[in-house]
Amino acid sequence: MDFLLSGKKGAVTSWRATEAFAADYRQALLDQAASDRSGGAEAAFARSLEMLGKSADTHVALAKELSNLLEQFADSPPAEHLKELTVHYYDVLYRHMGAFHSAPAFYQKSMEFMRMLSIAIMAHSTEQLGEPGRHLPEMALVAVGPAGRCEYSPFCQLQLLLVHEEATASQRQTINRLCHNLHAGFEAAGLAVDPVATPRNPEWRGSIAEWRQRCDDGLRNPTPDGLINILRLADQFPLNCGREIAQGLKEMTASALSENRPAQANLIERMESLSNGLGMMGRLKLERSGVSRGLFRLLDHGLLPLSAALSALALIKKSRAVSSPDRILALLERREMDVDVAEKMLRTWHTLHELRLRSEQAFSIVDHTEHTLLLNPAQLSVEERHSLKAALASVADIQRHVGIIFARMEG
(Lines give C-alpha, C1' and ligand atoms only; values in the text may rest on other atoms or scores of the structure.)
Protein backbone atom coordinates (compact mmCIF):
# COMPACT_ATOMS: atom_id res chain seq x y z
CA MET A 1 0.00 0.00 0.00
CA ASP A 2 1.31 3.43 -0.90
CA PHE A 3 1.72 6.08 1.78
CA LEU A 4 0.56 9.13 -0.11
CA LEU A 5 -1.09 12.32 0.98
CA SER A 6 -3.83 13.93 -1.02
CA GLY A 7 -3.95 17.21 -2.73
CA LYS A 8 -1.40 19.88 -3.34
CA LYS A 9 -1.25 23.18 -1.50
CA GLY A 10 -1.30 21.56 1.93
CA ALA A 11 -4.71 19.87 1.82
CA VAL A 12 -4.48 16.89 4.16
CA THR A 13 -8.13 16.23 5.02
CA SER A 14 -8.41 13.36 2.52
CA TRP A 15 -5.89 10.67 1.69
CA ARG A 16 -4.93 9.40 -1.73
CA ALA A 17 -3.61 6.23 -0.12
CA THR A 18 -7.10 4.93 0.67
CA GLU A 19 -8.37 5.59 -2.84
CA ALA A 20 -5.24 4.09 -4.41
CA PHE A 21 -5.44 0.97 -2.28
CA ALA A 22 -9.14 0.49 -3.05
CA ALA A 23 -8.55 0.90 -6.77
CA ASP A 24 -5.60 -1.52 -6.77
CA TYR A 25 -7.51 -4.08 -4.73
CA ARG A 26 -10.55 -3.84 -7.01
CA GLN A 27 -8.39 -4.28 -10.13
CA ALA A 28 -6.53 -7.24 -8.64
CA LEU A 29 -9.83 -8.87 -7.75
CA LEU A 30 -11.21 -8.30 -11.24
CA ASP A 31 -8.03 -9.74 -12.78
CA GLN A 32 -8.26 -12.78 -10.54
CA ALA A 33 -11.92 -13.29 -11.40
CA ALA A 34 -11.19 -13.00 -15.13
CA SER A 35 -8.42 -15.61 -14.96
CA ASP A 36 -10.28 -18.06 -12.72
CA ARG A 37 -11.27 -20.96 -14.98
CA SER A 38 -12.74 -23.16 -12.26
CA GLY A 39 -15.27 -21.25 -10.22
CA GLY A 40 -15.50 -18.03 -12.17
CA ALA A 41 -16.01 -14.54 -10.79
CA GLU A 42 -18.41 -15.59 -8.04
CA ALA A 43 -15.88 -18.03 -6.56
CA ALA A 44 -13.10 -15.43 -6.74
CA PHE A 45 -15.23 -12.85 -4.93
CA ALA A 46 -16.21 -15.44 -2.30
CA ARG A 47 -12.55 -16.29 -1.61
CA SER A 48 -11.73 -12.62 -1.30
CA LEU A 49 -14.51 -12.09 1.24
CA GLU A 50 -13.34 -15.11 3.18
CA MET A 51 -9.78 -13.80 3.30
CA LEU A 52 -10.96 -10.39 4.45
CA GLY A 53 -13.03 -12.01 7.16
CA LYS A 54 -10.10 -14.08 8.38
CA SER A 55 -7.89 -10.98 8.45
CA ALA A 56 -10.50 -9.10 10.47
CA ASP A 57 -10.81 -12.01 12.90
CA THR A 58 -7.02 -12.20 13.27
CA HIS A 59 -6.81 -8.49 14.03
CA VAL A 60 -9.59 -8.66 16.62
CA ALA A 61 -8.05 -11.70 18.32
CA LEU A 62 -4.54 -10.23 18.50
CA ALA A 63 -5.79 -6.80 19.61
CA LYS A 64 -7.83 -8.45 22.37
CA GLU A 65 -4.83 -10.45 23.53
CA LEU A 66 -2.72 -7.28 23.68
CA SER A 67 -5.43 -5.47 25.65
CA ASN A 68 -5.72 -8.38 28.08
CA LEU A 69 -1.99 -8.27 28.72
CA LEU A 70 -2.10 -4.51 29.38
CA GLU A 71 -5.02 -5.03 31.78
CA GLN A 72 -2.80 -7.22 33.94
CA PHE A 73 -0.91 -4.08 34.99
CA ALA A 74 -4.06 -2.88 36.77
CA ASP A 75 -3.47 -5.61 39.36
CA SER A 76 0.12 -4.44 40.02
CA PRO A 77 1.93 -7.56 38.82
CA PRO A 78 4.92 -8.58 40.97
CA ALA A 79 8.35 -7.60 39.68
CA GLU A 80 9.30 -11.21 38.92
CA HIS A 81 6.40 -11.47 36.45
CA LEU A 82 7.31 -8.40 34.40
CA LYS A 83 9.77 -10.19 32.14
CA GLU A 84 7.20 -12.87 31.33
CA LEU A 85 4.66 -10.15 30.51
CA THR A 86 7.17 -8.31 28.33
CA VAL A 87 8.13 -11.39 26.33
CA HIS A 88 4.50 -12.43 25.88
CA TYR A 89 3.33 -8.96 24.85
CA TYR A 90 6.00 -8.46 22.20
CA ASP A 91 5.50 -11.98 20.90
CA VAL A 92 1.88 -11.10 20.18
CA LEU A 93 2.80 -7.68 18.82
CA TYR A 94 5.31 -9.14 16.36
CA ARG A 95 2.66 -11.62 15.23
CA HIS A 96 0.38 -8.64 14.55
CA MET A 97 3.22 -7.00 12.61
CA GLY A 98 3.72 -10.18 10.60
CA ALA A 99 0.05 -10.30 9.68
CA PHE A 100 -0.59 -6.63 8.90
CA HIS A 101 2.84 -5.05 8.19
CA SER A 102 1.98 -1.84 10.03
CA ALA A 103 4.93 -0.11 11.66
CA PRO A 104 2.73 2.72 13.09
CA ALA A 105 0.43 0.18 14.77
CA PHE A 106 3.43 -1.68 16.20
CA TYR A 107 4.99 1.46 17.66
CA GLN A 108 1.70 2.75 19.05
CA LYS A 109 1.10 -0.51 20.90
CA SER A 110 4.75 -0.71 21.93
CA MET A 111 4.66 2.73 23.56
CA GLU A 112 1.39 1.88 25.33
CA PHE A 113 3.13 -1.13 26.85
CA MET A 114 6.24 0.85 27.77
CA ARG A 115 4.15 3.35 29.67
CA MET A 116 2.42 0.63 31.68
CA LEU A 117 5.69 -1.20 32.27
CA SER A 118 7.45 2.00 33.37
CA ILE A 119 4.72 2.83 35.88
CA ALA A 120 5.00 -0.68 37.33
CA ILE A 121 8.80 -0.56 37.51
CA MET A 122 8.67 2.91 39.09
CA ALA A 123 6.24 1.60 41.73
CA HIS A 124 8.41 -1.43 42.52
CA SER A 125 11.58 0.67 42.58
CA THR A 126 10.00 3.14 44.98
CA GLU A 127 8.67 0.37 47.21
CA GLN A 128 12.19 -1.05 47.55
CA LEU A 129 13.26 2.23 49.18
CA GLY A 130 11.01 1.73 52.17
CA GLU A 131 9.97 4.76 54.21
CA PRO A 132 12.24 7.28 52.37
CA GLY A 133 10.45 6.38 49.15
CA ARG A 134 7.27 7.97 50.49
CA HIS A 135 8.85 11.41 50.66
CA LEU A 136 10.20 11.87 47.17
CA PRO A 137 9.50 15.01 45.11
CA GLU A 138 7.37 14.83 41.97
CA MET A 139 9.32 13.29 39.12
CA ALA A 140 8.98 11.98 35.59
CA LEU A 141 10.79 9.26 33.70
CA VAL A 142 11.39 10.38 30.12
CA ALA A 143 12.57 8.37 27.12
CA VAL A 144 15.00 9.82 24.61
CA GLY A 145 16.49 8.21 21.50
CA PRO A 146 14.25 5.79 19.54
CA ALA A 147 11.68 5.56 22.33
CA GLY A 148 11.74 9.36 22.55
CA ARG A 149 10.52 9.38 18.93
CA CYS A 150 7.91 6.68 19.69
CA GLU A 151 9.90 4.16 17.62
CA TYR A 152 10.73 1.70 20.38
CA SER A 153 11.23 -1.99 19.87
CA PRO A 154 12.83 -4.32 22.45
CA PHE A 155 15.83 -4.77 20.14
CA CYS A 156 17.11 -1.22 20.62
CA GLN A 157 18.66 0.13 23.79
CA LEU A 158 16.28 2.05 26.02
CA GLN A 159 17.59 5.56 26.69
CA LEU A 160 16.15 7.25 29.77
CA LEU A 161 16.42 10.38 31.89
CA LEU A 162 14.78 11.48 35.12
CA VAL A 163 13.53 14.98 35.91
CA HIS A 164 12.27 15.92 39.37
CA GLU A 165 11.23 18.88 41.45
CA GLU A 166 13.76 20.56 43.72
CA ALA A 167 15.01 18.05 46.29
CA THR A 168 16.75 18.16 49.66
CA ALA A 169 20.10 16.46 50.27
CA SER A 170 18.43 13.42 51.84
CA GLN A 171 15.93 13.20 48.99
CA ARG A 172 18.80 13.27 46.48
CA GLN A 173 20.37 10.27 48.18
CA THR A 174 17.04 8.46 47.91
CA ILE A 175 16.67 9.50 44.25
CA ASN A 176 20.11 8.03 43.56
CA ARG A 177 19.01 4.68 44.99
CA LEU A 178 15.74 4.91 43.07
CA CYS A 179 17.57 5.44 39.78
CA HIS A 180 19.74 2.36 40.34
CA ASN A 181 16.58 0.39 41.10
CA LEU A 182 14.94 1.68 37.91
CA HIS A 183 17.86 0.67 35.71
CA ALA A 184 17.95 -2.79 37.26
CA GLY A 185 14.16 -3.08 37.00
CA PHE A 186 14.11 -2.54 33.24
CA GLU A 187 16.94 -5.00 32.75
CA ALA A 188 15.15 -7.57 34.92
CA ALA A 189 12.10 -7.10 32.67
CA GLY A 190 14.21 -8.28 29.74
CA LEU A 191 15.03 -4.92 28.15
CA ALA A 192 18.46 -3.54 27.25
CA VAL A 193 19.14 -0.17 28.88
CA ASP A 194 21.73 2.24 27.49
CA PRO A 195 24.78 2.24 29.80
CA VAL A 196 25.20 6.02 29.49
CA ALA A 197 21.75 7.56 28.90
CA THR A 198 20.23 6.19 32.10
CA PRO A 199 19.11 7.88 35.34
CA ARG A 200 21.65 5.68 37.11
CA ASN A 201 24.17 8.11 35.62
CA PRO A 202 24.00 11.40 37.62
CA GLU A 203 24.30 13.36 34.35
CA TRP A 204 20.95 11.96 33.24
CA ARG A 205 18.86 13.02 36.22
CA GLY A 206 18.12 16.32 37.94
CA SER A 207 15.68 19.14 38.55
CA ILE A 208 14.47 21.48 35.82
CA ALA A 209 17.00 24.06 37.06
CA GLU A 210 19.81 21.50 36.86
CA TRP A 211 18.80 20.42 33.38
CA ARG A 212 18.69 24.09 32.31
CA GLN A 213 22.18 24.66 33.69
CA ARG A 214 23.37 21.48 32.02
CA CYS A 215 22.01 22.69 28.68
CA ASP A 216 23.44 26.18 29.09
CA ASP A 217 26.89 24.86 30.00
CA GLY A 218 26.86 22.27 27.22
CA LEU A 219 25.84 24.81 24.58
CA ARG A 220 28.12 27.59 25.80
CA ASN A 221 31.24 25.42 26.10
CA PRO A 222 30.49 22.48 23.81
CA THR A 223 32.50 19.27 23.64
CA PRO A 224 31.80 16.62 20.99
CA ASP A 225 30.31 14.08 23.40
CA GLY A 226 28.59 16.71 25.50
CA LEU A 227 26.89 18.28 22.49
CA ILE A 228 25.70 14.89 21.28
CA ASN A 229 24.10 14.25 24.66
CA ILE A 230 22.43 17.67 24.72
CA LEU A 231 21.07 17.14 21.20
CA ARG A 232 19.58 13.82 22.28
CA LEU A 233 17.09 15.92 24.21
CA ALA A 234 15.43 16.91 20.93
CA ASP A 235 13.46 13.62 21.15
CA GLN A 236 11.49 13.13 24.37
CA PHE A 237 8.54 10.99 25.41
CA PRO A 238 7.23 10.78 29.05
CA LEU A 239 6.88 7.20 30.28
CA ASN A 240 5.07 7.59 33.61
CA CYS A 241 3.04 10.12 35.54
CA GLY A 242 4.44 13.59 36.19
CA ARG A 243 3.37 14.86 32.77
CA GLU A 244 3.55 18.51 33.88
CA ILE A 245 7.19 18.38 34.91
CA ALA A 246 8.05 16.32 31.83
CA GLN A 247 6.39 18.94 29.64
CA GLY A 248 8.37 21.63 31.43
CA LEU A 249 11.60 19.86 30.58
CA LYS A 250 10.58 19.41 26.96
CA GLU A 251 9.67 23.08 26.53
CA MET A 252 12.87 24.25 28.19
CA THR A 253 15.19 22.01 26.17
CA ALA A 254 13.35 22.61 22.89
CA SER A 255 13.62 26.37 23.39
CA ALA A 256 17.33 26.16 24.23
CA LEU A 257 18.14 23.98 21.21
CA SER A 258 15.94 25.82 18.72
CA GLU A 259 17.66 29.12 19.54
CA ASN A 260 21.23 27.80 19.33
CA ARG A 261 22.48 27.87 15.74
CA PRO A 262 25.92 26.33 16.43
CA ALA A 263 24.27 23.29 18.04
CA GLN A 264 21.91 22.97 15.10
CA ALA A 265 24.81 23.29 12.68
CA ASN A 266 26.58 20.47 14.51
CA LEU A 267 23.50 18.28 14.21
CA ILE A 268 23.14 19.06 10.50
CA GLU A 269 26.83 18.35 9.89
CA ARG A 270 26.65 14.98 11.63
CA MET A 271 23.39 14.16 9.83
CA GLU A 272 24.94 14.89 6.44
CA SER A 273 27.98 12.73 7.25
CA LEU A 274 25.87 9.59 7.73
CA SER A 275 25.95 7.17 4.80
CA ASN A 276 22.73 6.17 3.07
CA GLY A 277 24.17 2.74 2.31
CA LEU A 278 24.34 2.98 -1.47
CA GLY A 279 27.65 2.78 -3.27
CA MET A 280 28.69 3.02 -6.88
CA MET A 281 26.01 2.16 -9.42
CA GLY A 282 23.42 2.10 -6.65
CA ARG A 283 24.75 -1.07 -5.03
CA LEU A 284 24.21 -1.81 -1.35
CA LYS A 285 27.22 -1.26 0.92
CA LEU A 286 27.66 -4.70 2.46
CA GLU A 287 29.97 -5.78 5.26
CA ARG A 288 33.25 -7.06 3.86
CA SER A 289 34.62 -9.19 6.69
CA GLY A 290 33.82 -11.09 9.88
CA VAL A 291 30.59 -12.83 10.76
CA SER A 292 28.66 -9.95 9.18
CA ARG A 293 30.28 -10.41 5.76
CA GLY A 294 27.78 -9.90 2.95
CA LEU A 295 25.14 -8.35 5.24
CA PHE A 296 23.66 -4.84 5.18
CA ARG A 297 23.56 -2.59 8.26
CA LEU A 298 20.02 -1.25 8.20
CA LEU A 299 20.48 0.82 11.36
CA ASP A 300 23.67 2.59 10.31
CA HIS A 301 22.76 3.13 6.65
CA GLY A 302 19.01 3.64 6.80
CA LEU A 303 17.25 4.17 10.12
CA LEU A 304 19.91 6.35 11.74
CA PRO A 305 20.41 8.88 8.90
CA LEU A 306 16.65 9.12 8.35
CA SER A 307 15.81 9.70 12.02
CA ALA A 308 18.67 12.21 12.31
CA ALA A 309 17.34 14.15 9.32
CA LEU A 310 13.75 14.20 10.58
CA SER A 311 14.77 15.15 14.13
CA ALA A 312 16.97 17.94 12.77
CA LEU A 313 14.14 19.19 10.57
CA ALA A 314 11.70 19.22 13.49
CA LEU A 315 14.23 21.10 15.61
CA ILE A 316 15.07 23.84 13.13
CA LYS A 317 11.37 24.25 12.24
CA LYS A 318 10.41 24.32 15.96
CA SER A 319 7.91 21.48 15.68
CA ARG A 320 6.72 20.04 19.00
CA ALA A 321 5.37 16.82 17.44
CA VAL A 322 6.98 13.65 18.80
CA SER A 323 6.93 10.82 16.26
CA SER A 324 8.51 11.13 12.82
CA PRO A 325 5.22 10.71 10.88
CA ASP A 326 3.52 13.28 13.13
CA ARG A 327 6.40 15.70 12.59
CA ILE A 328 6.08 15.34 8.83
CA LEU A 329 2.32 15.89 8.91
CA ALA A 330 2.61 18.83 11.31
CA LEU A 331 5.09 20.60 9.03
CA LEU A 332 2.87 19.88 6.03
CA GLU A 333 -0.16 21.34 7.78
CA ARG A 334 1.88 24.46 8.55
CA ARG A 335 2.83 24.62 4.84
CA GLU A 336 6.48 24.34 5.79
CA MET A 337 6.87 21.44 3.37
CA ASP A 338 5.78 20.49 -0.13
CA VAL A 339 3.38 17.55 -0.40
CA ASP A 340 5.72 15.63 -2.68
CA VAL A 341 8.54 15.89 -0.15
CA ALA A 342 6.19 14.83 2.66
CA GLU A 343 5.07 11.82 0.63
CA LYS A 344 8.68 10.78 0.02
CA MET A 345 9.53 11.11 3.72
CA LEU A 346 6.52 9.06 4.82
CA ARG A 347 7.10 6.37 2.22
CA THR A 348 10.77 6.09 3.20
CA TRP A 349 9.94 5.92 6.91
CA HIS A 350 7.36 3.17 6.38
CA THR A 351 9.61 1.10 4.13
CA LEU A 352 12.65 1.15 6.42
CA HIS A 353 10.73 0.56 9.63
CA GLU A 354 8.73 -2.30 8.17
CA LEU A 355 12.01 -3.92 7.10
CA ARG A 356 13.38 -3.36 10.58
CA LEU A 357 10.44 -4.92 12.38
CA ARG A 358 10.16 -7.84 9.99
CA SER A 359 13.87 -8.55 10.48
CA GLU A 360 13.45 -8.53 14.26
CA GLN A 361 10.69 -11.16 14.13
CA ALA A 362 13.25 -13.93 13.69
CA PHE A 363 14.95 -13.21 17.04
CA SER A 364 14.13 -13.56 20.71
CA ILE A 365 13.70 -10.20 22.43
CA VAL A 366 16.06 -11.23 25.21
CA ASP A 367 18.97 -11.78 22.78
CA HIS A 368 19.76 -8.09 22.17
CA THR A 369 22.35 -8.85 19.50
CA GLU A 370 23.33 -6.46 16.72
CA HIS A 371 22.42 -9.11 14.16
CA THR A 372 18.74 -8.15 14.36
CA LEU A 373 19.39 -5.12 12.14
CA LEU A 374 21.71 -6.86 9.69
CA LEU A 375 19.82 -7.68 6.50
CA ASN A 376 20.78 -10.49 4.17
CA PRO A 377 20.03 -9.18 0.66
CA ALA A 378 19.92 -12.76 -0.63
CA GLN A 379 16.89 -13.39 1.56
CA LEU A 380 14.98 -10.39 0.21
CA SER A 381 12.65 -10.68 -2.74
CA VAL A 382 13.32 -8.66 -5.89
CA GLU A 383 10.55 -6.27 -4.87
CA GLU A 384 11.95 -5.90 -1.34
CA ARG A 385 15.46 -5.17 -2.63
CA HIS A 386 14.04 -2.57 -5.02
CA SER A 387 12.03 -0.94 -2.19
CA LEU A 388 15.09 -0.89 0.07
CA LYS A 389 17.29 0.76 -2.56
CA ALA A 390 14.59 3.29 -3.41
CA ALA A 391 14.18 4.14 0.28
CA LEU A 392 17.94 4.55 0.75
CA ALA A 393 18.13 6.84 -2.28
CA SER A 394 15.32 8.87 -0.71
CA VAL A 395 17.27 9.07 2.55
CA ALA A 396 20.07 10.85 0.68
CA ASP A 397 17.51 13.20 -0.91
CA ILE A 398 15.99 13.94 2.50
CA GLN A 399 19.42 14.61 4.00
CA ARG A 400 20.18 17.10 1.22
CA HIS A 401 16.73 18.70 1.58
CA VAL A 402 17.18 19.29 5.31
CA GLY A 403 20.69 20.62 4.75
CA ILE A 404 19.43 23.09 2.14
CA ILE A 405 16.63 24.29 4.43
CA PHE A 406 19.12 24.96 7.22
CA ALA A 407 21.53 26.74 4.86
CA ARG A 408 18.74 29.03 3.66
CA MET A 409 17.77 29.81 7.25
CA GLU A 410 21.40 30.64 7.97
CA GLY A 411 21.41 33.09 5.09
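Residues numbered from 1 in each chain as written. Predicted model: local features only at pLDDT ≥ 70, side-chain atom pairs only at ≥ 80, totals over all residues. Heavy atoms only, no water.

Novice: Quick question: what am I supposed to make of the overall build of the chain here?
Specialist: The helix and strand tally for the chain stands at 14 helices and six strands. Expected size for 411 residues packed as a compact globule is a radius of gyration near 22 Å; at 23 Å, the chain falls within 12% of this value. Taken over the C-alpha atoms alone, the chain extends approximately 80 × 55 × 50 Å along its principal axes. In the chain, buried positions account for 48% of the 411 residues. Of all intrachain contacts in the chain linking residues separated by at least 6 positions in sequence, the fraction that spans at least 24 positions is 71%. Split by element, the accessible area of the chain, about 20,200 Å² in all, is 53% carbon and sulfur. Distance between charge centroids for the chain: 5 Å, based on 45 positive and 50 negative side chains. (Helix = DSSP H or I, 4+ residues; strand = E, 2+ residues; numbered from the N terminus. Rg over C-alpha atoms; globule rule 2.2 N^0.38 Å. Buried < 20%, exposed > 50% of the residue type's maximum accessible area, 1.4 Å probe, protein only. Contact = heavy atoms within 4.5 Å. Areas by Shrake-Rupley, 256 points an atom, 1.4 Å probe, with all protein chains shown as cover. Lys, Arg positive; Asp, Glu negative; His and termini not counted. Charge placed at Lys NZ, Arg CZ, Asp CG, Glu CD.)

Novice: How should I be thinking about the pairing of strand S1 (residues 139–144) in this particular structure?
Specialist: A regular strand places its side chains so that they alternate between the two faces of the sheet. Judged by how many residues are buried, S1 sits mostly within the fold: six of six residues are covered. Every second residue of S1 is oriented toward a common face, with Met139, Leu141 and Ala143 on one face and Ala140, Val142 and Val144 on the other, all of them buried. Bridge count between S1 and strand S2 (residues 159–164): six bridges; the pairing is antiparallel. Directly across from Met139, in S2, lies its bridge partner His164. (Pairing = 2+ DSSP bridges.)

Novice: Hey, could you run me through empty space enclosed by the protein in this one?
Specialist: To locate leftover empty space, one rolls a probe as large as a water molecule over the atoms. Tallied over the entire structure, the rule returns one cavity of 30 Å³ or more. In this structure, the largest cavity occupies an estimated 130 Å³ of space. What lines the largest cavity is a set of 16 residues, and nearest its centre among them are Ala234, Ala254, Leu315, Ser319 and Arg320. Of all the secondary-structure elements, those providing two or more residues to the lining of the largest cavity are helix H9 (243–258) and helix H11 (298–316). The greatest single-element share of the lining of the largest cavity, amounting to five residues, is contributed by H9. (1 Å grid on protein atoms, 1.4 Å probe; cavity = no way out; pocket = protein on both sides within 12 Å on 5 of 7 lines; lining within 4 Å. Points joined across faces, edges and corners; volume = space filled by probe spheres on them.)

Novice: Before we go on, may I ask you to explain a nonpolar patch on the surface in this structure?
Specialist: Taken together, the side chains of Tyr25, Leu49 and Leu52 make up a nonpolar region of the molecular surface, amounting to roughly 300 Å² of accessible area. Along the chain, Leu52 falls in helix H2 (residues 40–71). (Patch = residues over 30% accessible without salt bridge, like charges linked within 9 Å, V, L, I, M, F, W, Y side chains within 5 Å. Salt bridge = Lys/Arg side-chain N within 4 Å of Asp/Glu carboxyl O.)

Novice: Help me understand the pairing of S2, please; the structure alone is not making it clear to me.
Specialist: Burial within S2 is extensive, with six of its six residues counted as buried. Of the two faces of S2, both are covered, the one formed by Gln159, Leu161 and Val163 as well as the one formed by Leu160, Leu162 and His164. The pairing of S2 with strand S3 (residues 205–207) spans three bridges and is parallel. Bridge pairing in S3 links Val163 to Gly206. Regarding the hand of the β-α-β motif, the stretch spanning S2, helix H6 (residues 169–188) and S3 is right-handed. (Right-handed = clockwise from strand over helix to strand, strands pointing away.)

Novice: Any chance you could explain the sheet that holds strand S4 (residues 237–238) here in plain terms?
Specialist: Paired through backbone hydrogen bonds, the strands of a sheet run either parallel or antiparallel to each other. Taken together, the four strands give an open sheet; going across it, the order is S3-S2-S1-S4, and neighbouring strands pair in mixed fashion. Lying at the two open borders of the sheet, with one neighbouring strand each, are S3 and S4. The strands that H6 touches are S1, S2 and S3; relative to S2, the one it contacts most, it runs at about 155°. On the sheet, helix H7 (residues 208–220) packs against S2 and S3 and is oriented at approximately 110° with respect to S3. (Axes fitted to C-alpha atoms, helices over the stretch in contact; angles between N-to-C directions.)

Novice: What is the right way to look at the layout of surface pockets in this model?
Specialist: The computed volume of the second largest pocket comes to approximately 1,000 Å³. What lines the second largest pocket is a set of 36 residues, among which Pro146, Arg149, Gln159, Leu299 and Leu304 lie closest to the centre. No other element matches H11, which puts seven residues into the lining of the second largest pocket.

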